[in-house]
Amino acid sequence: MHTGRRYTPLEFFRWSFRDTILLLLIATIPTVLYACGLTFIAIPWQPIAVLGTAMAFIVGFKNNASYGRIWEARQIYGAIINDSRSFAYTLRDVIHNQQPETVQKIFYRHFAWLTALRFQLREPRSWENMRRSSNKDFLRGRYIIPECESTMEEALKPYLTGEELRYVLSKKNKATQLTAMQSQALAALRQEGLLNDFEWTTLQGSIMRLTDSQGRAERIKNFPYPRNFASVTTYLLFIFIILLPFGLLKEYSKLGDGTVLEGYTIWFNILFSAVVAWAFNILDTIGESAVNPFEGSANDIPITQISRTIEIDMRDMLDEPSLPEPIVPQNNIVL
(Lines give C-alpha, C1' and ligand atoms only; values in the text may rest on other atoms or scores of the structure.)
Protein backbone atom coordinates (compact mmCIF):
# COMPACT_ATOMS: atom_id res chain seq x y z
CA MET A 1 0.00 0.00 0.00
CA HIS A 2 1.32 3.42 -0.94
CA THR A 3 1.42 5.56 2.21
CA GLY A 4 2.54 8.85 0.70
CA ARG A 5 0.34 11.87 0.14
CA ARG A 6 0.18 11.00 -3.56
CA TYR A 7 2.17 9.30 -6.29
CA THR A 8 4.76 11.72 -7.60
CA PRO A 9 4.92 12.47 -11.34
CA LEU A 10 8.28 10.66 -11.40
CA GLU A 11 6.70 7.53 -9.88
CA PHE A 12 3.91 7.60 -12.43
CA PHE A 13 6.42 8.12 -15.24
CA ARG A 14 8.55 5.23 -14.03
CA TRP A 15 5.51 2.97 -13.66
CA SER A 16 4.16 3.78 -17.13
CA PHE A 17 7.45 4.41 -18.97
CA ARG A 18 7.24 1.41 -21.30
CA ASP A 19 3.60 2.10 -22.17
CA THR A 20 4.34 5.79 -22.75
CA ILE A 21 7.11 5.02 -25.25
CA LEU A 22 4.85 2.58 -27.08
CA LEU A 23 1.99 5.10 -27.23
CA LEU A 24 4.30 7.78 -28.64
CA LEU A 25 5.48 5.33 -31.29
CA ILE A 26 1.90 4.41 -32.23
CA ALA A 27 1.06 8.11 -32.64
CA THR A 28 4.25 8.90 -34.55
CA ILE A 29 3.97 6.33 -37.35
CA PRO A 30 0.68 7.55 -38.95
CA THR A 31 1.67 11.18 -38.43
CA VAL A 32 4.94 10.73 -40.30
CA LEU A 33 3.21 8.80 -43.09
CA TYR A 34 0.58 11.55 -43.44
CA ALA A 35 3.26 14.27 -43.49
CA CYS A 36 5.05 12.34 -46.25
CA GLY A 37 1.98 12.59 -48.49
CA LEU A 38 -0.01 9.45 -47.64
CA THR A 39 -3.09 11.49 -46.75
CA PHE A 40 -5.49 8.66 -47.61
CA ILE A 41 -4.70 6.97 -44.28
CA ALA A 42 -6.72 9.60 -42.39
CA ILE A 43 -10.13 8.42 -41.15
CA PRO A 44 -13.13 10.38 -39.77
CA TRP A 45 -12.88 11.25 -36.08
CA GLN A 46 -16.57 10.74 -35.23
CA PRO A 47 -16.54 6.91 -34.93
CA ILE A 48 -13.43 7.14 -32.77
CA ALA A 49 -15.17 9.66 -30.51
CA VAL A 50 -18.09 7.23 -30.09
CA LEU A 51 -15.64 4.42 -29.28
CA GLY A 52 -13.85 6.68 -26.80
CA THR A 53 -17.13 7.41 -25.03
CA ALA A 54 -17.84 3.69 -24.78
CA MET A 55 -14.32 3.10 -23.48
CA ALA A 56 -14.82 5.70 -20.75
CA PHE A 57 -17.86 3.77 -19.46
CA ILE A 58 -16.12 0.38 -19.73
CA VAL A 59 -12.97 1.52 -17.94
CA GLY A 60 -15.07 3.26 -15.29
CA PHE A 61 -17.04 0.04 -14.71
CA LYS A 62 -13.82 -1.95 -14.35
CA ASN A 63 -12.28 0.53 -11.92
CA ASN A 64 -15.45 0.54 -9.83
CA ALA A 65 -15.36 -3.27 -9.64
CA SER A 66 -11.64 -3.19 -8.80
CA TYR A 67 -12.20 -0.73 -5.98
CA GLY A 68 -14.98 -2.96 -4.65
CA ARG A 69 -12.58 -5.92 -4.49
CA ILE A 70 -9.81 -4.01 -2.73
CA TRP A 71 -12.22 -2.39 -0.27
CA GLU A 72 -13.73 -5.78 0.59
CA ALA A 73 -10.21 -7.13 1.13
CA ARG A 74 -9.49 -4.29 3.56
CA GLN A 75 -12.76 -4.99 5.40
CA ILE A 76 -11.77 -8.65 5.71
CA TYR A 77 -8.46 -7.79 7.35
CA GLY A 78 -10.18 -5.21 9.52
CA ALA A 79 -12.42 -8.01 10.81
CA ILE A 80 -9.36 -10.22 11.36
CA ILE A 81 -7.80 -7.49 13.52
CA ASN A 82 -10.91 -7.14 15.68
CA ASP A 83 -11.60 -10.88 16.00
CA SER A 84 -7.95 -11.60 16.84
CA ARG A 85 -7.93 -9.06 19.65
CA SER A 86 -11.25 -10.19 21.12
CA PHE A 87 -10.20 -13.85 20.91
CA ALA A 88 -6.91 -13.03 22.61
CA TYR A 89 -8.13 -11.08 25.63
CA THR A 90 -11.10 -13.41 26.18
CA LEU A 91 -8.82 -16.47 26.26
CA ARG A 92 -6.27 -14.69 28.43
CA ASP A 93 -8.82 -13.55 31.00
CA VAL A 94 -10.48 -16.96 31.22
CA ILE A 95 -7.52 -19.32 31.75
CA HIS A 96 -4.30 -17.29 31.96
CA ASN A 97 -4.01 -17.63 35.75
CA GLN A 98 -4.48 -21.40 35.53
CA GLN A 99 -2.44 -22.31 32.44
CA PRO A 100 -0.36 -19.37 31.15
CA GLU A 101 1.76 -21.73 29.03
CA THR A 102 -1.34 -22.95 27.19
CA VAL A 103 -2.47 -19.39 26.51
CA GLN A 104 0.93 -18.52 25.11
CA LYS A 105 0.92 -21.63 22.92
CA ILE A 106 -2.52 -20.76 21.51
CA PHE A 107 -1.42 -17.16 20.94
CA TYR A 108 1.66 -18.30 19.04
CA ARG A 109 -0.40 -20.71 17.00
CA HIS A 110 -2.57 -17.74 16.02
CA PHE A 111 0.57 -15.89 14.87
CA ALA A 112 1.35 -18.96 12.78
CA TRP A 113 -2.15 -18.81 11.29
CA LEU A 114 -1.66 -15.16 10.33
CA THR A 115 1.69 -16.06 8.77
CA ALA A 116 0.39 -19.05 6.83
CA LEU A 117 -2.58 -17.06 5.56
CA ARG A 118 -0.47 -14.18 4.25
CA PHE A 119 1.92 -16.59 2.52
CA GLN A 120 -1.02 -18.35 0.87
CA LEU A 121 -2.52 -15.05 -0.25
CA ARG A 122 0.80 -13.97 -1.76
CA GLU A 123 1.09 -17.09 -3.93
CA PRO A 124 1.07 -15.99 -7.61
CA ARG A 125 -1.86 -16.70 -9.89
CA SER A 126 -1.77 -16.76 -13.69
CA TRP A 127 -4.10 -13.75 -14.00
CA GLU A 128 -2.19 -11.49 -11.60
CA ASN A 129 -0.01 -8.60 -12.67
CA MET A 130 3.22 -8.67 -10.68
CA ARG A 131 4.96 -10.39 -13.61
CA ARG A 132 4.32 -7.36 -15.82
CA SER A 133 7.48 -5.50 -16.75
CA SER A 134 6.12 -2.17 -15.51
CA ASN A 135 5.37 -3.58 -12.05
CA LYS A 136 8.73 -5.34 -11.88
CA ASP A 137 10.51 -2.10 -12.80
CA PHE A 138 8.55 -0.14 -10.18
CA LEU A 139 9.26 -2.75 -7.49
CA ARG A 140 12.99 -3.00 -8.20
CA GLY A 141 14.96 -0.98 -5.66
CA ARG A 142 11.85 0.48 -3.98
CA TYR A 143 10.50 -2.28 -1.77
CA ILE A 144 10.52 -6.03 -1.25
CA ILE A 145 7.70 -8.50 -0.84
CA PRO A 146 8.54 -10.30 2.45
CA GLU A 147 6.82 -13.51 1.39
CA CYS A 148 9.10 -13.68 -1.65
CA GLU A 149 12.24 -13.32 0.45
CA SER A 150 11.64 -16.30 2.77
CA THR A 151 9.74 -19.58 2.90
CA MET A 152 6.65 -20.37 4.89
CA GLU A 153 8.58 -22.98 6.85
CA GLU A 154 11.15 -20.41 8.01
CA ALA A 155 8.42 -17.96 8.96
CA LEU A 156 6.44 -20.55 10.96
CA LYS A 157 9.38 -21.94 12.96
CA PRO A 158 9.31 -19.30 15.75
CA TYR A 159 5.65 -20.03 16.50
CA LEU A 160 5.25 -23.81 16.41
CA THR A 161 6.84 -26.82 18.01
CA GLY A 162 8.75 -29.17 15.74
CA GLU A 163 5.92 -31.69 15.72
CA GLU A 164 3.29 -29.06 14.95
CA LEU A 165 5.44 -27.58 12.20
CA ARG A 166 5.92 -30.93 10.48
CA TYR A 167 2.20 -31.66 10.73
CA VAL A 168 1.13 -28.29 9.32
CA LEU A 169 3.64 -28.39 6.46
CA SER A 170 2.31 -31.79 5.41
CA LYS A 171 -1.12 -30.28 4.75
CA LYS A 172 -2.35 -28.54 1.62
CA ASN A 173 -4.09 -25.60 3.31
CA LYS A 174 -1.81 -24.73 6.22
CA ALA A 175 -3.93 -21.89 7.59
CA THR A 176 -7.04 -24.08 7.76
CA GLN A 177 -5.18 -26.81 9.65
CA LEU A 178 -3.88 -24.28 12.16
CA THR A 179 -7.43 -23.10 12.80
CA ALA A 180 -8.52 -26.70 13.27
CA MET A 181 -5.72 -27.16 15.82
CA GLN A 182 -6.97 -24.11 17.70
CA SER A 183 -10.48 -25.55 17.81
CA GLN A 184 -9.07 -28.86 19.05
CA ALA A 185 -7.14 -27.07 21.80
CA LEU A 186 -10.28 -25.25 22.95
CA ALA A 187 -12.20 -28.53 23.02
CA ALA A 188 -9.47 -30.04 25.21
CA LEU A 189 -9.67 -27.10 27.63
CA ARG A 190 -13.42 -27.56 27.84
CA GLN A 191 -13.03 -31.26 28.62
CA GLU A 192 -10.54 -30.40 31.37
CA GLY A 193 -13.09 -28.06 32.92
CA LEU A 194 -11.04 -24.92 32.30
CA LEU A 195 -13.74 -23.55 30.00
CA ASN A 196 -17.44 -23.64 30.68
CA ASP A 197 -19.97 -23.94 27.88
CA PHE A 198 -20.48 -20.18 27.55
CA GLU A 199 -16.74 -19.44 27.43
CA TRP A 200 -16.14 -22.22 24.92
CA THR A 201 -19.00 -20.97 22.73
CA THR A 202 -17.62 -17.42 22.81
CA LEU A 203 -14.09 -18.49 21.88
CA GLN A 204 -15.33 -20.95 19.27
CA GLY A 205 -17.37 -18.12 17.75
CA SER A 206 -14.16 -16.12 17.33
CA ILE A 207 -12.53 -19.09 15.61
CA MET A 208 -15.50 -19.40 13.27
CA ARG A 209 -15.39 -15.69 12.38
CA LEU A 210 -11.67 -15.96 11.63
CA THR A 211 -12.41 -18.97 9.42
CA ASP A 212 -15.08 -16.95 7.62
CA SER A 213 -12.61 -14.10 7.03
CA GLN A 214 -10.07 -16.57 5.65
CA GLY A 215 -12.66 -17.98 3.27
CA ARG A 216 -13.65 -14.52 2.04
CA ALA A 217 -10.00 -13.61 1.42
CA GLU A 218 -9.44 -16.89 -0.44
CA ARG A 219 -12.49 -16.19 -2.60
CA ILE A 220 -11.03 -12.87 -3.74
CA LYS A 221 -7.61 -14.46 -4.24
CA ASN A 222 -8.83 -17.46 -6.23
CA PHE A 223 -11.66 -15.84 -8.24
CA PRO A 224 -10.29 -13.24 -10.67
CA TYR A 225 -12.09 -10.28 -12.14
CA PRO A 226 -14.13 -12.06 -14.87
CA ARG A 227 -11.87 -12.71 -17.83
CA ASN A 228 -14.59 -11.88 -20.38
CA PHE A 229 -14.93 -8.32 -19.04
CA ALA A 230 -11.15 -7.94 -18.76
CA SER A 231 -10.62 -9.23 -22.31
CA VAL A 232 -13.24 -6.94 -23.85
CA THR A 233 -11.69 -3.94 -22.13
CA THR A 234 -8.21 -4.87 -23.38
CA TYR A 235 -9.28 -5.45 -27.00
CA LEU A 236 -11.42 -2.31 -27.27
CA LEU A 237 -8.72 -0.21 -25.65
CA PHE A 238 -6.18 -1.56 -28.14
CA ILE A 239 -8.45 -0.71 -31.10
CA PHE A 240 -9.11 2.78 -29.71
CA ILE A 241 -5.40 3.54 -29.16
CA ILE A 242 -4.47 2.33 -32.67
CA LEU A 243 -7.22 4.29 -34.44
CA LEU A 244 -6.96 7.50 -32.40
CA PRO A 245 -3.99 9.12 -34.23
CA PHE A 246 -5.52 8.25 -37.63
CA GLY A 247 -8.74 10.01 -36.70
CA LEU A 248 -7.03 13.21 -35.64
CA LEU A 249 -4.72 13.61 -38.66
CA LYS A 250 -7.03 15.87 -40.71
CA GLU A 251 -8.02 17.92 -37.68
CA TYR A 252 -4.45 18.76 -36.72
CA SER A 253 -3.39 19.20 -40.35
CA LYS A 254 -5.86 22.04 -40.89
CA LEU A 255 -5.51 23.47 -37.38
CA GLY A 256 -2.87 25.96 -38.46
CA ASP A 257 -4.47 27.03 -41.76
CA GLY A 258 -4.06 30.77 -42.28
CA THR A 259 -1.48 31.13 -39.49
CA VAL A 260 2.29 31.02 -39.23
CA LEU A 261 1.94 27.42 -38.07
CA GLU A 262 0.33 26.28 -41.32
CA GLY A 263 1.87 23.00 -42.37
CA TYR A 264 3.40 22.34 -38.96
CA THR A 265 0.41 21.64 -36.69
CA ILE A 266 0.19 18.07 -38.02
CA TRP A 267 3.03 17.24 -35.61
CA PHE A 268 0.82 18.18 -32.65
CA ASN A 269 -1.01 14.96 -33.42
CA ILE A 270 1.84 12.93 -31.93
CA LEU A 271 1.69 14.63 -28.56
CA PHE A 272 -2.06 14.99 -28.16
CA SER A 273 -2.91 11.51 -29.45
CA ALA A 274 -0.35 10.03 -27.07
CA VAL A 275 -1.70 12.06 -24.14
CA VAL A 276 -5.31 10.97 -24.74
CA ALA A 277 -4.27 7.35 -25.26
CA TRP A 278 -2.10 7.51 -22.12
CA ALA A 279 -5.02 8.79 -20.05
CA PHE A 280 -7.24 5.86 -21.08
CA ASN A 281 -4.43 3.35 -20.74
CA ILE A 282 -3.31 4.54 -17.30
CA LEU A 283 -6.87 4.45 -15.96
CA ASP A 284 -7.22 0.88 -17.19
CA THR A 285 -3.83 0.01 -15.69
CA ILE A 286 -4.82 1.53 -12.33
CA GLY A 287 -7.96 -0.61 -12.28
CA GLU A 288 -5.96 -3.71 -13.20
CA SER A 289 -3.39 -3.03 -10.46
CA ALA A 290 -6.12 -2.91 -7.80
CA VAL A 291 -8.18 -5.89 -8.94
CA ASN A 292 -5.93 -8.45 -7.16
CA PRO A 293 -5.49 -6.93 -3.67
CA PHE A 294 -3.19 -9.60 -2.20
CA GLU A 295 -0.51 -10.10 -4.88
CA GLY A 296 2.03 -7.66 -3.42
CA SER A 297 1.81 -4.55 -5.57
CA ALA A 298 2.16 -1.00 -4.27
CA ASN A 299 -1.62 -0.64 -4.26
CA ASP A 300 -2.49 -3.79 -2.32
CA ILE A 301 -3.68 -4.44 1.22
CA PRO A 302 -0.69 -4.42 3.64
CA ILE A 303 -1.38 -7.86 5.06
CA THR A 304 2.17 -8.33 6.35
CA GLN A 305 2.03 -5.09 8.34
CA ILE A 306 -1.45 -5.90 9.67
CA SER A 307 -0.30 -9.36 10.76
CA ARG A 308 2.68 -7.86 12.59
CA THR A 309 0.41 -5.31 14.30
CA ILE A 310 -1.86 -8.09 15.56
CA GLU A 311 1.16 -10.03 16.84
CA ILE A 312 2.48 -6.99 18.72
CA ASP A 313 -0.92 -6.36 20.32
CA MET A 314 -1.35 -9.97 21.41
CA ARG A 315 2.20 -10.29 22.76
CA ASP A 316 1.61 -7.08 24.69
CA MET A 317 -1.45 -8.69 26.30
CA LEU A 318 0.90 -11.35 27.67
CA ASP A 319 3.20 -8.61 29.04
CA GLU A 320 6.13 -9.94 27.02
CA PRO A 321 9.14 -7.68 27.57
CA SER A 322 10.48 -7.94 23.99
CA LEU A 323 8.04 -7.10 21.22
CA PRO A 324 8.67 -7.38 17.46
CA GLU A 325 9.44 -4.18 15.62
CA PRO A 326 6.50 -2.77 13.66
CA ILE A 327 6.80 -2.84 9.89
CA VAL A 328 7.49 0.63 8.52
CA PRO A 329 7.04 1.85 4.93
CA GLN A 330 9.89 1.47 2.44
CA ASN A 331 9.87 4.44 0.06
CA ASN A 332 6.24 5.10 1.02
CA ILE A 333 5.29 1.47 0.35
CA VAL A 334 4.15 -0.93 3.07
CA LEU A 335 3.07 -4.53 2.49
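Description of the structure in this document. Computed from a prediction, not measured in an experiment: that's the story for all the values here. (Residues numbered from 1 in each chain as written. Predicted model: local features only at pLDDT ≥ 70, side-chain atom pairs only at ≥ 80, totals over all residues. Heavy atoms only, no water.)

With that settled, the discussion passes to the overall build of the chain. Assigned secondary structure in the chain consists of 14 helices and zero strands. Written out in order from the N terminus, the α and β elements of the chain read α-α-α-α-α-α-α-α-α-α-α-α-α-α. What you see for the chain is a C-alpha radius of gyration of 27 Å, clearly larger than the 20 Å of a compact globule of 335 residues, by over 25%. Counting only C-alpha atoms and orienting by the principal axes, one finds that the chain spans roughly 95 × 35 × 35 Å. Among the 335 residues that make up the chain, the fraction classed as buried is 45%. Partitioning the contacts of the chain with sequence separation of at least 6, the portion at a separation of at least 24 is 79%. With an accessible surface of roughly 17300 Å², the chain has 61% of that area assigned to carbon and sulfur atoms. Each charge class in the chain can be summarised by its mean position, and for the 34 positive and 33 negative side chains these summaries are 5 Å apart. (Helix = DSSP H or I, 4+ residues; strand = E, 2+ residues; numbered from the N terminus. Rg over C-alpha atoms; globule rule 2.2 N^0.38 Å. Buried < 20%, exposed > 50% of the residue type's maximum accessible area, 1.4 Å probe, protein only. Contact = heavy atoms within 4.5 Å. Areas by Shrake-Rupley, 256 points an atom, 1.4 Å probe, with all protein chains shown as cover. Lys, Arg positive; Asp, Glu negative; His and termini not counted. Charge placed at Lys NZ, Arg CZ, Asp CG, Glu CD.)

Time to look at the side chain of Gln 214. Tracing the sequence through the fold places Gln 214 in helix α10 (residues 197-222). For Gln 214, the contacting residues outside a window of four places in its chain are Trp 113, Leu 117, Asn 173, Ala 175, Thr 176 and Thr 179.

A few words on the nonpolar core. Of all hydrophobic cores here, the largest spans 51 residues; its most connected members are Tyr 77, Ile 80, Leu 91, Phe 107 and Phe 294. Those elements that provide at least two residues to this core are α3 (46-95), α4 (100-122), α7 (152-156), α8 (162-169), α9 (174-191), α10 and α14 (303-317). Top contributing element to this core by residue count: α4, with 12 residues. Setting aside its immediate chain neighbours within four residues, Phe 107 contacts Ala 88, Leu 91, Arg 92, Met 314, Met 317 and Leu 318. Among the nonpolar cores identified, the runner-up in size contains 14 residues, and Ile 26, Val 59, Phe 240 and Phe 280 belong to it. (Core = buried A, V, L, I, M, F, W, Y, C linked by side-chain atoms within 4.5 Å.)

For the rest of this paragraph, the subject is the layout of surface pockets. Computed from the structure, the largest pocket encloses a volume of approximately 490 Å³. Listed by contribution, the elements that provide at least two residues to the lining of the largest pocket are α2 (17-35), α11 (227-247) and α13 (268-290). Among the elements that take part in the lining of the largest pocket, α11 stands out by supplying seven residues, more than any other. Tallied by class, the residues present in the lining of the largest pocket amount to nine nonpolar, four polar and six charged. (1 Å grid on protein atoms, 1.4 Å probe; cavity = no way out; pocket = protein on both sides within 12 Å on 5 of 7 lines; lining within 4 Å. Points joined across faces, edges and corners; volume = space filled by probe spheres on them. Nonpolar A, V, L, I, M, F, W, Y, C, P; charged D, E, K, R; others polar.)

Before going further, it helps to spend a moment on the environment of Gln 99. Locating Gln 99 in the fold gives a position in the loop between α3 and α4. For Gln 99, a relative accessible area of 23% corresponds to the partly exposed category. Considering only alpha carbons, one finds Gln 99 and Leu 194, 95 residues apart in sequence, at a separation of 9.0 Å. Those residues in contact with Gln 99, other than ones at most four positions away along the chain, are Leu 189, Glu 192 and Leu 194.

Here we take up the packing of α11 against α13. Here α11 crosses α13 at 170°, and the two axes come no closer than 9 Å. As the angle between them shows, α11 and α13 are arranged roughly antiparallel. Residues Thr 233, Leu 237, Phe 240, Ile 241, Leu 244 and Pro 245 of α11 pack against Asn 269, Ser 273, Val 276, Ala 277, Phe 280, Asn 281 and Asp 284 of α13. Residue classes in the contact of α11 with α13 are distributed as eight nonpolar, four polar and one charged. (Axes fitted to C-alpha atoms, helices over the stretch in contact; angles between N-to-C directions. Parallel < 35°, antiparallel > 145°, perpendicular 65-115°, else oblique.)

A surface patch of nonpolar side chains, about 570 Å² in accessible area, is lined by Leu 22, Leu 25, Ile 29, Leu 33, Leu 38 and Phe 40. By secondary structure assignment, the location of Leu 33 is in helix α2. (Patch = residues over 30% accessible without salt bridge, like charges linked within 9 Å, V, L, I, M, F, W, Y side chains within 5 Å. Salt bridge = Lys/Arg side-chain N within 4 Å of Asp/Glu carboxyl O.)

Next up on the list: the side chain of Ser 86. Structurally, the position occupied by Ser 86 is in helix α3. Side-chain polar atoms of Ser 86 contact the backbone oxygen of Asp 83, separated by 3.1 Å. Apart from residues lying up to four places away in sequence, Ser 86 is in contact with Ser 206 and Arg 209. (Polar contact = N/O pair within 3.5 Å; in protein donor to acceptor, adjacent residues only side chain to side chain.)

Turning our attention to the environment of Ala 188. Along the polypeptide, Ala 188 turns up in helix α9. Taking the C-alpha atoms as reference, Ala 188 lies 31 Å from Thr 151; in sequence the two are 37 residues apart.

Take the pattern of salt bridges next. What the rule picks out here adds up to 15 salt bridges. Two residues, Arg 109 and Glu 164, come together in a salt bridge whose shortest N-O distance is 2.8 Å. Remark: Glu 164 occurs in helix α8 and Arg 109 occurs in helix α4; sequence separation between them is 55 residues. Each member of the pair, Arg 109 as well as Glu 164, is classed as buried. Residues Glu 147 and Arg 122 are paired through a salt bridge, measuring 3.1 Å at the closest nitrogen-oxygen approach. Residue Glu 147 is located in helix α6 (residues 146-149), and its partner Arg 122 is located in helix α4; the two are separated by 25 residues in the primary sequence. Salt bridges sharing partners connect three or more residues here, namely Lys 62, Asp 284 and Glu 288.

Geometric values such as these leave the question of function open.
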